[in-house]
Every structure is written in C-alpha cells, then in structure tokens.
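One-letter residues, chain by chain:
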Amino acid sequence: MSIEPILLIHGGAGDITDARVPGKLVGMKKALRSAIEHLIPPNGGEGNALDAVEAAVRSMECDENFNAGYGACLNLDGKAEVEASIMEGDKLRAGCVTLLHDIMHPISVARYVMHKTNHTFLGGAAAQKFALEQGFEQLPDGSLVTDDARRALEEFKERQAKGLDTIFSRTELDAEKSTKDEGKQRVGESGSTVGAVAIDAKGNIAVATSTGGITGKVPGRIGDTPLLGCGTYADNKIGGVSTTGHGETIMRYNLAQKILGKIQYGNKTAQEATEEACNEMTERLVGTGGAITIDATGKVGIYWTSRRMAYAYVKGNRLFSGINKNEQFEEDL
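None of these values were measured; they are calculated from a predicted model. (Residues numbered from 1 in each chain as written. Predicted model: local features only at pLDDT ≥ 70, side-chain atom pairs only at ≥ 80, totals over all residues. Heavy atoms only, no water.)

1. A look at the packing of helix α2 (residues 49-61) against helix α3 (residues 106-116)
In the contact formed by α2 and α3, the axes pass within 8 Å of each other and the chain directions differ by 150°. By the angle between their directions, the pair α2 and α3 is classed as roughly antiparallel. Along the contact surface, α2 presents Leu50, Asp51, Glu54, Val57, Arg58 and Glu61, while α3 presents Pro106, Ile107, Ser108, Arg111, Met114 and His115. The class makeup of the residues in the contact of α2 with α3 is five nonpolar, two polar and five charged. (Axes fitted to C-alpha atoms, helices over the stretch in contact; angles between N-to-C directions. Helix = DSSP H or I, 4+ residues; strand = E, 2+ residues; numbered from the N terminus. Parallel < 35°, antiparallel > 145°, perpendicular 65-115°, else oblique. Contact = heavy atoms within 4.5 Å. Nonpolar A, V, L, I, M, F, W, Y, C, P; charged D, E, K, R; others polar.)

2. Observations regarding the packing of aromatic side chains
Two aromatic rings, taken as a pair, are described by how far apart their centres are and by the angle between their planes. Scanning the model with the defined rule gives three aromatic pairs in all. With a centroid separation of 6.0 Å and 40° between ring planes, the pair formed by Trp304 and Tyr311 is classed as tilted. Tyr311 carries the same exposure label as Trp304, and that label is buried. Aromatic pair Tyr313 and Phe320: ring centres 4.8 Å apart, planes at 20°, arrangement stacked. The side chain of Lys258 reaches across the aromatic face of Tyr253, ending 4.4 Å from its centre. (Phe/Tyr/Trp six-rings, centres within 6.5 Å; stacked < 30°, edge-to-face > 60°. Buried < 20%, exposed > 50% of the residue type's maximum accessible area, 1.4 Å probe, protein only. Lys NZ or Arg CZ within 6 Å of the ring centre and 35° of its normal.)

3. What about unusual backbone geometry?
Even without glycine at this site, Asn254 takes up a positive phi of about 60°. Inspection of the secondary structure puts Asn254 in the loop between α6 (247-253) and α7 (255-266).

Structural data, given as structure tokens:
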C-alpha cells in the first residue's frame, strides 16, 4: 500500500518569547523546503525518509533561532556541547552522539555512527575523534556560540547567585523577558531542541533529533536527545517520534516509547497518543515538553505542555506551521 509522504519537524518546545516566534517559523519553513526534495523528488523518483530528516535537521543546526548546532545553549563553562540521534524504522538501525564541540552538524555525525561503525552510540572525546576521522570540520573554539546563548548563561548564573530556582533553566532568551518577575519562573519551561520525523511512500519511517541541551548544565551532562526511546525512536510497524522539552523529565519518563506504546498497545491515534503521554509526563514529573509523531499509516500527532512549541510539516503540496495552541497556518509549499 502506497502512503502519502510526510515530513514533520519541530523547532523546540519551551518558553519561546514573542520576539523569537518569527525567526523560528521562517527557519522551519526554510528547513522543510530544503529537505522535501529528498522525500518527494522533483523528478518523480523514490523518496528517502532518512535523507529527508537529516537534511531538515542540518538546516536548523545552521540557524541561530534554534538550540542545535550554531545557537546551542551553553554549559557552566560557557561551552556548547552538542548531541544528536538518528534512527530508521525498517531494521531499527540508529546512530547517537553526545558531548561534541565545535562541530556544526552532530546529526550527520550520528548518521555516520550508524553507517560506518558496528555501534550505536559514541560520546565525548571518542565521538569527536570519530567525527574528525570521517572528515567533519573542526571549527574554531566557540564557533557555535551566539550572543543570545551568552545572555542566557549570564541570566542563569545571576539567578543561581540569588538563590532562585534554576532546575528548569531556560534555553530561549533575547531582549524580551518572558517572565516579568525574576523571582518567578514558569515551571518546566526550558528545553528547546530540533527534530524531524518522516514517512516515505514505501512506509519507511525515520527520525532525527539534535540539541545543545539546557543552559547552565554541568559540563559532561547528557540529555534525552541522543537516547533512543526518550528523544528519538522509529519503527515502521508502529511509528516515529521526536521529542523536545526538559531533558531530565523526558528521559525519566521515556517519552518517545510511551507515545509509541499507546499507539501499539492502546490503539490510540498518533494525536491521541502524543497528547496523553505528554500530559501524563508533566502531571507526574512537573517538567514540560512536547513531541511530534507519525504513525505507520501516515497519521500525524503534534502536542506540547510547555508555553509554546514550534512545528511545521509538508503534506502533499501544502505546508502547515504553528507555534501556539489552536493556531495553525497553511500555505503552498
């Protein structure tokens, strides 16, 4: 049975300020338009879901409007430590990397781990060495650091010095403060991250997720993004999920697998499963987050419990996008 190809992406869930909304919407549309040819080739050839999700994430890794690659948030030492994972749903092959520095495209390093090694996950110095051996460029120190990321770290350290809550540190920061009273912070409003889920005409599903983590993290901290079943999972028999939000919460709840479990064992639609799992996670663990899902029949699920989540997808020749609940835009691709 032929399935209508779909490419669905997210640009992070969290305390996204009004000032950052336009950049995220523009960046996601750019990512979709640059990647869709891999899923729906203009010459009418066969599309490839894995190529499509990698291309979409690579585009967002170059865009400072997102917390991945260039624009990644900073650890306590002021460094950007990035991580990513990619998975295909046919043979359940996957590649994961963490604690890379000054490499623009961790998602592509993750794919190289999947294709070029007998392993699934590489981290730290070994992952860095592997990336350089595979021809990835070692950028000058601090090349991924932006002014917004520096300001976010400064705010984190100021809050920490005042004894204010920093459990849910922010990854979205610009000149516009999202919380007027600095003594109060929206609970769980932190994680950003970018991700993509695609299904091609043959029913092959692929997922890719990339992030800079959370502001003020201890050097060496690893989040949910590179962990299969937490930040990323793909199975042609069930569906694919990419998550975003507070990493410690998502990894403790195993959010991606929770969503797929509801589809597989609870006979839930992609939308029902995504909503239920996200709500149950936040109800139990307080931290917020969101997810994008495509099930094995090509149905889409999009939901978040944070203030906002940026998302967009292509279906047919139409492009759909949104960042606020109960608000979606539609336009020609």
